[in-house]
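# Breakdown of the fold
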Amino acid sequence: MIEPVRPIAIADVEAARVRISETVLRTPLVRLDLGRDGLDVRLKLENLQPTNAYKIRGAANAVACLTDEERGRGVWTISAGNAGQAVAFAAREAGIPCSVVAIETAPQTKLERMQALGAAIVPVSYAEAWRAAEAHEFDGMHGTFVHPFDNHDFIAGHGTMGLEILEDAPDVRTVIAAIGGGGLITGVGSAIKARRPEVRVLGAEPETAAPFALSLREGGPSKFQDWTASFVDGAGGQSVTERMWDRMRPVVDGAITVSLEQVRGAMQLLADKARVIAEGAGALALAAALTGEAGEGPIVAIVSGGNIDLKTFTELIAY
């Protein structure tokens, strides 16, 4: 049975912080040098996590919250790569088996890392994976399902990042996070709004896959009809589910849509100015900040991950 949606309480986030403290890094928050007259942008470097992406926060908390009976069945998840690595990492730490329904077009680097962490891979199309994410089930999969974004404990784990941001940047005015399924921005937004409700929380999506921006315009959860796959594989879903709309709407103030060229430019800037390797989704928040739509700052842009084939990365930034 799918658990009902409920708000992520600050107590849930604080408990998660204690629970995952020995697994998850407190990542640095560094200022990006954009020149004397440039925007005040700070980078939350989640690409430095053990699995090179923020998902380890949610996965570690979700697996830690399972009962002995649930762990005994093993776990499975759905992923384009980052959630799969995170759940596989947490499962390995807990000594339990893990399977991943993996989008077959995921970068080879992500597939290989999931396997290296001990996960059994079940390759499927993007459409099949998204249907499974909406239904919370997939034929043939056994064990305990750990949803990659629509899971209360997973989201609470992501909220720990929000606590760190407020502690390291008490003057922050806006926080920007990439939106895929919506778990990251819900967790971070829940923690920030509980402590500092005046801080704006904005989502970032690529123009090829921007269902949350569409949903805001339509006034309800919507499907993005012109969805197109791109190198921004870790974000930009085909639709916003009703459950995630209910989770995001109270804690997210708006969305910024950026072009793929703007994402490539942000990836290049991160490499040039900060020596940071960011995957497409990892550079979305910076690309959104650079549009100017988020104001002058201080802005915290979450670099959500750095899992990208180096050959692909160099090709994308060499222009």
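Everything discussed here concerns the structure shown above.
Attention here is on the structure that accompanies the text. Keep in mind that this is a model prediction, so the values were computed, not measured. (Residues numbered from 1 in each chain as written. Predicted model: local features only at pLDDT ≥ 70, side-chain atom pairs only at ≥ 80, totals over all residues. Heavy atoms only, no water.)

## Quick look at the pairing of strand E5 (residues 120–124)
The pairing of strand E4 (residues 98–103) with E5 spans five bridges and is parallel. For Val100, the partnering residue across the bridge sits in E5 and is Ile121. Handedness of the β-α-β unit built from E4, helix H5 (residues 108–116) and E5 comes out right-handed. (Pairing = 2+ DSSP bridges. Helix = DSSP H or I, 4+ residues; strand = E, 2+ residues; numbered from the N terminus. Right-handed = clockwise from strand over helix to strand, strands pointing away.)

## Some points on the pairing of strand E2 (residues 41–45)
Counting buried positions over the five residues of E2 gives five, a clear majority of the element. Burial along E2 is two-sided: the residues Val41, Leu43 and Leu45 and Arg42 and Lys44 are all buried. Pairing between strand E1 (residues 29–32) and E2: four bridges, direction antiparallel. Across the sheet, Leu32 pairs through a bridge with Val41, a residue of E2. Across five bridges, E2 lies against strand E10 (residues 299–303) in parallel orientation. Bridging from a neighbouring strand, Leu45 pairs with Val303 of E10. (Buried < 20%, exposed > 50% of the residue type's maximum accessible area, 1.4 Å probe, protein only.)

## Let's talk about unusual backbone geometry
In this chain, Gly297 is followed by Pro298 through a cis amide linkage whose omega measures 5 degrees. Checked against the element boundaries, Pro298 lands in the loop between helix H12 (280–290) and E10. Despite not being glycine, Arg275 shows a phi value in the positive range, around 55 degrees. Mapped onto the elements, Arg275 comes out in the loop between helix H11 (260–274) and H12. We classify Arg275 as exposed; its relative accessible area is 65%.

## Here we look at empty space enclosed by the protein
Tallied over the full model, the rule gives one cavity of 30 Å³ or more. Approximately 450 Å³ is the volume attributed to the largest cavity. Lining the largest cavity are 32 residues, and of these Lys55, Ala80, Gly180, Gly181 and Gly234 lie nearest its centre. Among the elements of the structure, strand E3 (75–79), helix H4 (82–94), helix H6 (126–135) and helix H8 (183–195) are those that each provide at least two residues to the lining of the largest cavity. Ranked by residues supplied to the lining of the largest cavity, first place goes to H6 with four residues. Considered class by class, the residues forming the lining of the largest cavity number 16 nonpolar, twelve polar and four charged. (1 Å grid on protein atoms, 1.4 Å probe; cavity = no way out; pocket = protein on both sides within 12 Å on 5 of 7 lines; lining within 4 Å. Points joined across faces, edges and corners; volume = space filled by probe spheres on them. Nonpolar A, V, L, I, M, F, W, Y, C, P; charged D, E, K, R; others polar.)

## Quick notes on the layout of surface pockets
Within this model, the largest pocket holds a volume of roughly 520 Å³. Taken together, the residues of the lining of the largest pocket break down into seven nonpolar, seven polar and seven charged. Of the voids in this model, the second largest pocket is the one considered here, and its volume is about 290 Å³. Classifying every residue of the lining of the second largest pocket by side-chain character gives twelve nonpolar, five polar and two charged.

## Things to note about the packing of H11 against H12
Between H11 and H12, the shortest axis-to-axis distance is 8 Å and the interhelical angle comes to 100 degrees. Compared by their axis directions, H11 and H12 come out roughly perpendicular. The segment H11 lies against H12, with Gln262, Val263, Ala266, Met267, Leu269 and Leu270 engaging Gly280, Ala283, Leu284, Leu286, Ala287 and Leu290. Along the lines of polarity and charge, the residues of the contact of H11 with H12 split into ten nonpolar, two polar and no charged. (Axes fitted to C-alpha atoms, helices over the stretch in contact; angles between N-to-C directions. Parallel < 35°, antiparallel > 145°, perpendicular 65-115°, else oblique. Contact = heavy atoms within 4.5 Å.)

## Some points on the sheet that holds E10
Pairing in this open sheet of six strands is mixed, and the strands run E1-E2-E10-E7-E8-E9 from one edge to the other. Two strands lie at the open edges of the sheet, namely E1 and strand E9 (254–258), each paired on one side alone. Strand-to-strand, the axes of this sheet are offset by a mean angle of 30 degrees, without reference to chain direction. Where strand E8 (residues 200–206) meets E9, five bridges bridge the pair, whose relative direction is parallel. What sits directly across from Glu205, in E9, is Thr257.

## Thoughts on the pattern of salt bridges
In this structure the tally under the stated criterion is 20 salt bridges. The closest approach of N and O atoms between Arg73 and Glu69, which form a salt bridge, is 2.5 Å. The partly exposed category is assigned to Glu69, whose relative accessible area is 49%. Measuring nitrogen to oxygen at the nearest pair gives 2.9 Å for the salt bridge that ties Glu261 to Arg264. Of the two residues, Glu261 and Arg264 are both situated in helix H11; the distance of three residues between them amounts to about one turn of the helix. (Salt bridge = Lys/Arg side-chain N within 4 Å of Asp/Glu carboxyl O.)

## Things to note about H6
Every α-helical turn comprises 3.6 residues, leaving residues that sit three or four positions apart pointing alike. Among the residues making up H6, those that are buried are Tyr126, Ala129, Trp130, Ala132 and Ala133. All buried residues of H6 lie within an arc of 160 degrees about the axis, which places them on one face of the element. Where H6 is buried, its residues contact E3, E4 and E5. Phi turns positive, to about 65 degrees, at His136, one or two residues after H6. (Arc of directions from axis to C-beta.)

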